[in-house]
Amino acid sequence: MTIRVLTHKYTETYPVMLLRLRQAANDQPALGGVFVRDAKLLALSPTRRMARMMDAASSDGQAFIAIEPIHGLPLRELLDAAVLRRETLTMPALIQLAVQIAETLALLHRSVLPEAPTGIVHGDLGPHSIWVTPEGRARLVPTALGHVACHPAAPKSAEHLRYKAPEQIARPLLARGLDPRVDVFAFGAVVWEAFVGRPAFGGDDPDEVMRAVADPAVPALTDEVDASQGLSYVLG
C-alpha cells in the first residue's frame, strides 16, 4: 500500500489521500475487487473519527481508494521517532490515544448493517492506519486491507501481519467473515507496542511474524511497564 496526496479527480483544488495497492497485488484481479468491496463497506462508517472515504474504484488495473486528508502523522512515525530517542510517548498521551481508538472501534462494531451483520470491521488496524492530529486526537484510516493483506496471492508485509489476528491469517481466502474480534486483537498489539516500545510480534520476516502470531507468547503489559500512572485503571 502506498499513500500520497493529490488533487481530487472531481475538482481542481480539493486534496485527497490516495491509497493504492502495490503493483504485485494489482496483478491479481481478484484482490483489487476485494479491496474495493471492503473499502465501500468501510465507507458506511457513521463515525467522523475515521477519515471519510470519497471514492473507491479499480481503473486500468489499478485499485485505489481516495479519502479526505488527515492533518497529522501516522502513529508508526511517532513510535519510530520515540525508539530513536530511546524513550516512549508519555503515559497520559498513550492512555488518551488508547481510549480514543477503543471508542472509535466500539462505534464501528455497533454499526450493524445488512452488509455487516456483526458490525463494521476495520480489519487492518495498526500504527500505519492510526493517525495522530496535532491536538493529540486519534483518527483511523480506512485502508481496506483486512482481507487483502493476508491473501496468499498478495505480497507479504511484516508491518501489516504483526497486527493481524491468528484466525485472520489462518483463513485468508474467506471472502467475508471478519468479525470485531480481529480489531480487538490488533488493538491489543498496538497498545502493547506503544507502551512497551517494541512490537509484540517482532521480526522483519513475514513468515516469522505469522508463526509468532499463530502461537502468541506475549508478556502481560503490566509486567513490562509501570502501571502506577493510570494504566492499571484502563486495563481494568
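Every value quoted in this text rests on a predicted model; they were computed, and no experiment measured them. (Residues numbered from 1 in each chain as written. Predicted model: local features only at pLDDT ≥ 70, side-chain atom pairs only at ≥ 80, totals over all residues. Heavy atoms only, no water.)

### Here we look at the overall build of the protein chain
Link 1 in the chain: In terms of helices and strands, the protein chain carries 10 helices and 7 strands.
Link 2 in the chain: Within the protein chain, buried positions represent 48% of all 236 residues.
Link 3 in the chain: Counting contacts in the protein chain only where the partners sit at least 6 residues apart, residues at least 24 apart contribute 64% of the total.
Link 4 in the chain: Put simply, the protein chain shows about 11,500 Å² of open surface, and 56% of that area lies on carbon and sulfur atoms. (Helix = DSSP H or I, 4+ residues; strand = E, 2+ residues; numbered from the N terminus. Buried < 20%, exposed > 50% of the residue type's maximum accessible area, 1.4 Å probe, protein only. Contact = heavy atoms within 4.5 Å. Areas by Shrake-Rupley, 256 points an atom, 1.4 Å probe, with all protein chains shown as cover.)

### Concerning the sheet that holds strand S7 (residues 138–140)
Link 1 in the chain: Taken together, the 3 strands give an open sheet; going across it, the order is S5-S6-S7, and neighbouring strands pair in antiparallel fashion. Of all the strands in the sheet, just strand S5 (73–74) and S7 have a single pairing partner and so form its edges.
Link 2 in the chain: Of the pairings in the sheet, the one linking strand S6 (residues 130–132) to S7 comprises 3 bridges and is antiparallel in character. Paired with Ile-130 across the bridge in S7 is Leu-140.
Link 3 in the chain: Lying over the sheet, helix H4 (residues 91–109) contacts S6 and S7, oriented at roughly 35° with respect to S7. (Pairing = 2+ DSSP bridges. Axes fitted to C-alpha atoms, helices over the stretch in contact; angles between N-to-C directions.)

### A few points about the pattern of salt bridges
Link 1 in the chain: Under the defined criterion, the tally for this structure stands at 10 salt bridges.
Link 2 in the chain: Between Arg-181 and Asp-179 there is a salt bridge, with the nearest N and O atoms lying 2.7 Å from each other.
Link 3 in the chain: Salt bridges sharing common partners tie together Arg-76, Asp-80, Glu-159, Arg-162 and Glu-193. (Salt bridge = Lys/Arg side-chain N within 4 Å of Asp/Glu carboxyl O.)

### Some words on the nonpolar core
Link 1 in the chain: Ranked by size, the top nonpolar core spans 54 residues in total, and within it Phe-35, Ile-65, Leu-75, Ile-130 and Phe-195 carry the most contacts.
Link 2 in the chain: Cys-150, Ala-158, Ile-169 and Phe-201 belong to the second largest nonpolar core, which has 8 residues in total. (Core = buried A, V, L, I, M, F, W, Y, C linked by side-chain atoms within 4.5 Å.)

### As for helix H7 (residues 181–196)
Link 1 in the chain: Taking 1.5 Å of rise per residue, 16 residues should cover 22 Å, and H7 covers 23 Å from first to last C-alpha, within 8% of that figure.
Link 2 in the chain: What H7 keeps buried is the set Val-182, Asp-183, Ala-186, Ala-189, Val-190, Val-191, Trp-192, Glu-193, Ala-194, Phe-195 and Val-196.
Link 3 in the chain: Gly-197 occupies a position one or two residues after H7 and carries a positive phi of about 100°. (Expected span 1.5 Å × (residues − 1).)

### Re the side chain of Thr-104
Link 1 in the chain: Relative to the assigned elements, Thr-104 resides in helix H4.
Link 2 in the chain: In this structure Thr-104 comes out as buried when scored by relative accessible area, which is 1%.
Link 3 in the chain: Those residues in contact with Thr-104, other than ones at most four positions away along the chain, are Thr-47, Arg-49 and Leu-140.

### Side note on the environment of Ala-43
Link 1 in the chain: Within the secondary structure, Ala-43 sits in the loop between helix H2 (29–42) and strand S3 (53–59).
Link 2 in the chain: Between the C-alpha atom of Ala-43 and that of Met-53, which follows or precedes it by 10 residues, the distance is 5.5 Å.

### Brief notes about the packing of aromatic side chains
Link 1 in the chain: Under the defined criterion, the tally for this structure stands at 1 aromatic pair.
Link 2 in the chain: Between Phe-185 and Phe-201, the ring centres sit 5.9 Å apart and the planes meet at 15°, which makes this aromatic pair stacked. Here Phe-201 lies in the loop between H7 and helix H8 (206–214) and Phe-185 lies in helix H7, a separation of 16 residues in the sequence.
Link 3 in the chain: Judged by its relative accessible area of 23%, Phe-185 is partly exposed.
Link 4 in the chain: Classification of Phe-201 as buried rests on a relative accessible area of 6%. (Phe/Tyr/Trp six-rings, centres within 6.5 Å; stacked < 30°, edge-to-face > 60°.)

The values are spatial; any link to function lies outside them.
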